[in-house]
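One-letter residues, chain by chain:
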Amino acid sequence: MKVLVVGAGIAGLTAALRADALGHEVEVIVKGVLGGGCTAHAQGGIAGEYGPGDSAALHALDTMHAGDGHGDPVAIAALVDGAHAALEALIDAGVPFDRAPDGALARGLEAAHSLPRIAHAGGDATGRAISDALTARLRMSGVRVREHAFAAGLLTRDGRATGIRLLDGTPVAGDAVVLATGGAGQLHPFTTNPAGATGDGIAMALRAGAAVADLEFVQFHPTVLAGSDAFLISEAVRGAGAVLRDADGRRFLLDEHPDGELAPRDVVARAVARRALAQGSPVLLDATALGAARLASRFPTIDAELRRRGFDWSREPVPVSPAAHYLMGGVVTDIDGRTTVPGLWAVGETARTGVHGANRLASNSLLEGAVFGARVAEALQAPAPNADSGAFPSQFVPLSHRLSGTDRDPDVVSDVTHETHRDPGRSADGFSREALQRVMWENVGLLRYDAGLATAVATLSGWQEPSARTAAAQEDANLLVVARAAASAALARTDSLGAHFRQSPALIGAR
Ligand code: SIN
């Protein structure tokens, strides 16, 4: 079988390597270069190393709890039950996980985990270690790699995916298309995600009529360096004992949740934003109790970067604020990565497997990529489940009926490219990436209210999707398609749940 894998983070690389090992002809397509995506930025680690008193069942419970009860228990069971094999596979691939003095994997703690169970590498450079190891494996494998190739549309015939169309118009045929393009952090002006996180796979799937879900659930990380380019200070720092203080030096999180700084991430992010708004300045992350030597050895990347920027965090607290970090929703899949479009698969942040519910548990994302990447590869040749198997519950109705004519992919209709070319930048109707990000940040951000959400939906639907030959314009178009779906989903969900939090407009606006 010819398998096209679009994207090369942990999910795409795992799927590609496993499919190659199973004898498929595999081609990986990335719009940039290998190693350039989100995975390499992951600091905290990968959940699933169970020490004394811990178990997959407890991990499942924590995952469901962090997700505010919205997770899918079957998908969560697949995630945690696959953790051991996923970690072993990464070790076999050469990932140098940190070890305790007795030789066992070191286990870190992050928010909403009952026990320390996060395996990490290079202290706070886990994503880089994983990306490097898997990329090296890929280079040695028989997998064909196409870099600087932007997958711009899905090719279909009789409702089945038959390949992709590159931005330059080149068709690439495949029996299976696996979308592993990551999330859409660039929907917001402040994000921990790299510049390429523009929702490409989700937009492609939406245009093809695939079901998406849970796009209203965007996770904001509470602790990026304030006033910076959203430089992330890992939650593992709080897991190691750092605390958050207000301008008076008080640990204000204890007023919000009994777990204080280690409450679920959505709770901490909202508290941080509200406190900053109330006091008119960012809150402070105080890691001074950890001491200079521990900070440097356990968090070498963060330590070096903070010092490079003039902060000695061993002596003084540093200002932090929230930034967009992770999209819980995405292209609806069953637990083997099948989407509602035959021949189209999705994995990693692009997919909505149901494991994250309304708020992802820390360090479950690398785990999801590793576990479900392998599951996709194993399932490629398995017969599709019957329509009545319950794999796709009836609430997952494709959103395609909500797409405007320009949102729909011409490939899906005719397998040909129709483009009217326009350069990115501000369009006649006021659209620009910056304008979109502002609308999303102000109205579909950490704190939401009815009128703001309605304004966002109206503004986004009034903009025409850029149709252009450049990668930047394609990214803009993809962001607009995903933003519309996310804002509509947020407006439609009238109650607060997990990361989707609706409240009074008087409390909005902090950063
Ligand atoms: C972090 O290191 O704080 C991020 C970990 C994650 O998003 O799971």
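Residues numbered from 1 in each chain as written. Predicted model: local features only at pLDDT ≥ 70, side-chain atom pairs only at ≥ 80, totals over all residues. Heavy atoms only, no water.

### With respect to the sheet that holds strand β12 (residues 243–245)
Taken in spatial order, the four strands line up as β11-β14-β13-β12 in an open sheet, and their pairing is antiparallel. On the outer flanks of this sheet lie β11 (218–225) and β12, each paired with one strand and no other. The sheet shows a mean angle of 50° between the axes of neighbouring strands, direction not considered. Here β11 runs beside strand β14 (residues 318–327); their pairing, made up of six bridges, is antiparallel. Bridge assignment links Val224 to a residue of β14, and that residue is Ser321. (Pairing = 2+ DSSP bridges. Helix = DSSP H or I, 4+ residues; strand = E, 2+ residues; numbered from the N terminus. Axes fitted to C-alpha atoms, helices over the stretch in contact; angles between N-to-C directions.)

### Re helix α3 (residues 73–81)
Turning to α3, its buried residues number three or more, namely Ala75, Ile76, Ala78, Leu79 and Val80. Contacts made by the buried residues of α3 are with α2 (56–66), α4 (83–92) and α11 (364–379). Sitting at the head of α3, Asp72 places a side-chain oxygen 2.9 Å from the backbone nitrogen of Val74. (Buried < 20%, exposed > 50% of the residue type's maximum accessible area, 1.4 Å probe, protein only. Contact = heavy atoms within 4.5 Å. Polar contact = N/O pair within 3.5 Å; in protein donor to acceptor, adjacent residues only side chain to side chain.)

### What to know about the confidence of the model for the chain
On average, residues of the chain score 92 in pLDDT, and 90% of them reach the 70 mark or higher. Scored below 50 in pLDDT, residues 400–407 shows 15 contacts in the model against residues more than four places distant or in partner chains. Between residues 410–423, whose pLDDT stays under 50, and residues either more than four places distant or in other chains, the model counts 36 contacts. (pLDDT = per-residue confidence, 0-100.)

### What about the sheet that holds strand β8 (residues 171–173)?
Taken together, three strands build an open sheet; the order of strands is β6-β7-β8 and the sheet is antiparallel. Both edges of this open sheet fall to β6 (151–157) and β8, since each of them pairs with a single strand only. In this sheet, adjacent strand axes meet at a mean angle of 35° when their direction is disregarded. Here three bridges tie strand β7 (residues 160–166) to β8, and the two strands are oriented antiparallel to one another. Note that in β8 the partner of Ile164 across the bridge is Val172. With respect to the sheet, helix α6 (residues 200–207) is in contact with β6 and β7, its orientation differing from that of β6 by roughly 30°.

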